[in-house]
Amino acid sequence: MAKFSKKVLLFFLGLFLLGSVTTETLAHEMYYMGSSPISLKWNNIVSGRAQLKINGDNLSSFYTSSPNSYYSIARDSWNGAAGKVSCMQESFSSATVRFYTADATLWEFLFGLIFQYDFLGLAEIFSPSNAAIIDEYSAINSQGKIAYANILLTPYTSSFTNVTSVRYTMCHEIGHVLGLGHPDIGNPNPSTPQSIMLSSFTNQTYYSPQQHDLDDLTAKY
Amino acid sequence: MKGKIILVSSVALAAFFVFLFMTLKVPKTGSLSNEQTAVLTQEQVNALRAAYPLHSGVPSFATMKMPSLQDIIDRADTLLYAKVLGKIDPYEIEFSAGALQRKDSFFGYDLEVIRDSAGKLKKGANVTVSANAVIKELYPSLRKGMEIIIPISKSSFKGKQYDFSSLGMFYVTDGGYAISAYNMEDAIAKDGTHVSLLLKTLWGMKKK
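Residues numbered from 1 in each chain as written. Chains lettered and ligands numbered in written order. Predicted model: local features only at pLDDT ≥ 70, side-chain atom pairs only at ≥ 80, totals over all residues. Heavy atoms only, no water.

(A) Quick look at the interface of chain A and chain B. Listed by partner, the interface residues are 39 residues for chain A and 37 residues for chain B. Both sides of the chain A and chain B interface together cover about 3,200 Å² of buried area, and 66% of this is carbon and sulfur. If you sort the residues of chain A by the area they bury against chain B, Phe-109, Ile-114 and Phe-115 of chain A come out on top, with a joint share of 26%. Counting across the interface, chain A meets chain B through two salt bridges. Where Asp-118 of chain A meets Arg-75 of chain B, a salt bridge forms, and the shortest distance between an N and an O atom there is 2.6 Å. Summed over the shared surface of chain A and chain B, the result is 13 residue pairs in polar contact (both at pLDDT 80 or more). Counting only elements with at least two residues in the side of chain A that touches chain B, the list comes to β7 (97–101), α4 (104–115), β8 (119–126), β10 (148–153) and α6 (163–177) of chain A. Here the side of chain A that touches chain B takes 10 residues from α4 of chain A, the largest share from any one element. Its residues assigned to classes, the side of chain A that touches chain B comprises 21 nonpolar, 13 polar and five charged. Here β8 of chain A pairs with strand β1 (residues 62–64) of chain B via three bridges, running antiparallel. (Contact = heavy atoms within 4.5 Å. Buried area = accessible area lost by both parts, 1.4 Å probe. Salt bridge = Lys/Arg side-chain N within 4 Å of Asp/Glu carboxyl O. Polar contact = N/O pair within 3.5 Å; in protein donor to acceptor, adjacent residues only side chain to side chain. Helix = DSSP H or I, 4+ residues; strand = E, 2+ residues; numbered from the N terminus. Nonpolar A, V, L, I, M, F, W, Y, C, P; charged D, E, K, R; others polar. Pairing = 2+ DSSP bridges.)

Have a look at this one:
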């Protein structure tokens, strides 16, 4: 009887271990080498929380006017997310996440005359050695650390479909700064339908991190 | 009376032959032969995809609202039918935007013009197209010797170089058929249409 119980115990222990391997959660990363994810995380972490210092003073009034500004909503939507993120307001000069409303000249420089009205926002992330992380190779060279970021927003505010698309875009770009990738494109991990990190805004009705995004943060941090 | 009938009949017959000659032997400018209006079947297009893969990449860090084919055509200065001569060496441009100082990398291709929809560039002319590397993932990789249809627009920054679009770009296959290079939702331009007909259709869409 004791021998039988031992076998049953071992069987369930085996099942548990197998389950813990196969249900391992992987965050949706920005870059993959083949199908292997390259994990990118915010460098400054205190008490398990990524510390983001975000400015609003280089944004145009479209993004910041009124107490419930798009900027405030985007910043606050990540603050405390999954218990893994702290977002603080800072001025542009001391921010580690630098919001900036581009002018028409910069937008053309980045996206060209044909696409300038189609791009709503751009996140740029940099390693502790000030190298831009732009592909899988620079992601590997960064040692997986993001030290600071720029989030550039379009000067063509009429390009936004509606209020939700503005909020979605700003919240989405902060997600990239935290190292989150698009779950729906070129990604070997399955995604849930609702995520603030979906590659394009297609009339979603939400504009804050979804359960999927919180799960990714928990897996990553 | 009989003579009049013969005269009228002769004139009518002559007019008929003149009409036949005009319509069959001397086509109007811009008209297309039967071969040019033929289209490839979906199976033929699918078979060509191994050599001409459909691109659907979007930049990893940017939020983009997908434009329509109509948007792209309207914003382009012209649609080029061109041959890819090769990739250009990547280069950098420094840019000062208030508090932001930047140095961005650009990539692109040298092209030889086969036909220019706007009629400004001559056949055989060389044109360089380029784009900022921040949107490189939006573009398929082009090979030397490929023939393409490509929307281009004169850039304010890059001297004689043009901006170019991957959306509204087509590969031209052997036999002169065009298949799309980027996976767009628009079904205005059908895959497997002859290049002459496609150019005429696309350029006809442009709001003058």
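Structure shown, so let's carry the discussion forward.
(B) Quick peek at the nonpolar core. The biggest cluster of nonpolar side chains holds 113 residues, and the ones touching the most others in it are Leu-52, Trp-78, Phe-115 and Met-170 of chain A together with Ile-149 and Phe-164 of chain B. When residues of this core are assigned to their parent elements, the largest contribution, seven residues, is made by α4 of chain A. Once residues lying within four places of it in the same chain are set aside, the contact partners of Met-170 of chain A are Leu-59, Tyr-63, Tyr-70, Tyr-71, Ala-74, Phe-99 and Leu-153 of chain A. (Core = buried A, V, L, I, M, F, W, Y, C linked by side-chain atoms within 4.5 Å. Buried < 20%, exposed > 50% of the residue type's maximum accessible area, 1.4 Å probe, protein only.)

(C) View of unusual backbone geometry. Residue and element names in this part refer to chain A. The phi torsion at Asn-130 lies on the positive side, around 65°, for a residue other than glycine. Turning to its location among the elements, Asn-130 is positioned in the loop between β8 and α5 (136–141). You will see that Gln-143, though not glycine, has its phi angle at about 60°, which is positive. Mapped onto the elements, Gln-143 comes out in the loop between α5 and β9 (145–146).

(D) Here's a closer look at the pairing of β8 of chain A. Residue and element names in this part refer to chain A. Burial of β8 is extensive: eight of the eight residues sit out of reach of the surface. In this structure, β8 lies alongside β10, joined through six bridges in antiparallel fashion. What sits directly across from Ala-123, in β10, is Ile-151.

These figures come from the coordinates and say nothing about function on their own.
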